[in-house]
Amino acid sequence: MTTYELAKQYYPRLWDDKRLDALVAAGRLTKAQVTKIKREATIK
């Protein structure tokens, strides 16, 4: 699984916004990916 797939699965249940921000800072996710994950989590 990629970091993106894990983030989609675990946000917001196990991973919070700080975790996603840390992954962006580490270069594992892009800001666009985080925005998409948050948008999809809101729809669910």
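What counts as what
- Chains are numbered independently. Their residues run from 1 in the order of the written sequence.
- Confidence filtering applies because this is a predicted model: local features only for residues at pLDDT of at least 70, side-chain atom pairs given and counted only at 80 or more, and all residues used for totals across whole chains, interfaces and linings.
- The side-chain numbers reported here are obtained from all heavy atoms of the structure, hydrogens and water having been left aside.
- Starting at the N terminus, helices and strands are each numbered in turn, a helix being any DSSP run of H or I of at least four residues and a strand any DSSP run of E of at least two.
- Per-residue confidence from the predictor is reported as pLDDT, which spans 0 to 100.
- Take the buried residues of types Ala, Val, Leu, Ile, Met, Phe, Trp, Tyr and Cys, join any two whose side-chain atoms come within 4.5 Å, and each joined set is a nonpolar core.
- Per-residue accessibility, obtained with a 1.4 Å probe over protein chains only, is compared with the maximum for each type, and a residue is labelled buried under 20%, exposed over 50%, and partly exposed between these values.
- By definition, residues are in contact when any of their heavy atoms lie within 4.5 Å.
- Centre distance within 6.5 Å is the pairing criterion for rings of Phe, Tyr and Trp, where only the six-membered ring of Trp is used; planes under 30 degrees apart are then read as stacked, over 60 as edge-to-face, and the remainder as tilted.
- Distance and angle both matter: a charge sits over a ring if NZ of Lys or CZ of Arg is within 6 Å of the ring centre and within 35 degrees of the ring normal.

Some points on the environment of Thr42
In this structure, Thr42 sits in helix H3 (residues 31-43). Between the C-alpha atoms of Thr42 and Gln9, which are 33 residues apart in sequence, the distance is 13 Å.

Some remarks on the confidence of the model for the protein chain
For the protein chain, per-residue confidence averages 96 on the pLDDT scale, and residues scoring 70 or more make up 100% of the total. Looking across the protein chain, the model is least confident in H3, with a mean pLDDT of 96, and most confident in helix H2 (residues 17-25), with 98.

Some points on the nonpolar core
Counting nine residues, the largest nonpolar core is built from Tyr4, Ala7, Tyr11, Trp15, Leu20, Leu23, Leu29, Val34 and Ile37. Elements that contribute at least two residues to this core include exactly helix H1 (3-10), H2 and H3. Not counting residues within four places of it along the chain, the set of residues in contact with Ala7 comprises Trp15, Leu20, Leu29 and Ile37.

Topic: the packing of aromatic side chains
For the coordinates displayed, the defined rule picks out one aromatic pair. One cation-aromatic arrangement involves Arg19 over Trp15; the distance from NZ or CZ to the ring centre is 4.8 Å.

Regarding the environment of Lys38
As for its placement among the helices and strands, Lys38 is situated in helix H3. The exposure class assigned to Lys38 is partly exposed, which follows from its relative accessible area of 26%. Separated by 36 residues in the primary sequence, Lys38 and Thr2 have C-alpha atoms spaced 17 Å apart. If near-sequence neighbours (up to four positions away) are discounted, Lys38 is found in contact with Tyr11, Asp17 and Leu20.

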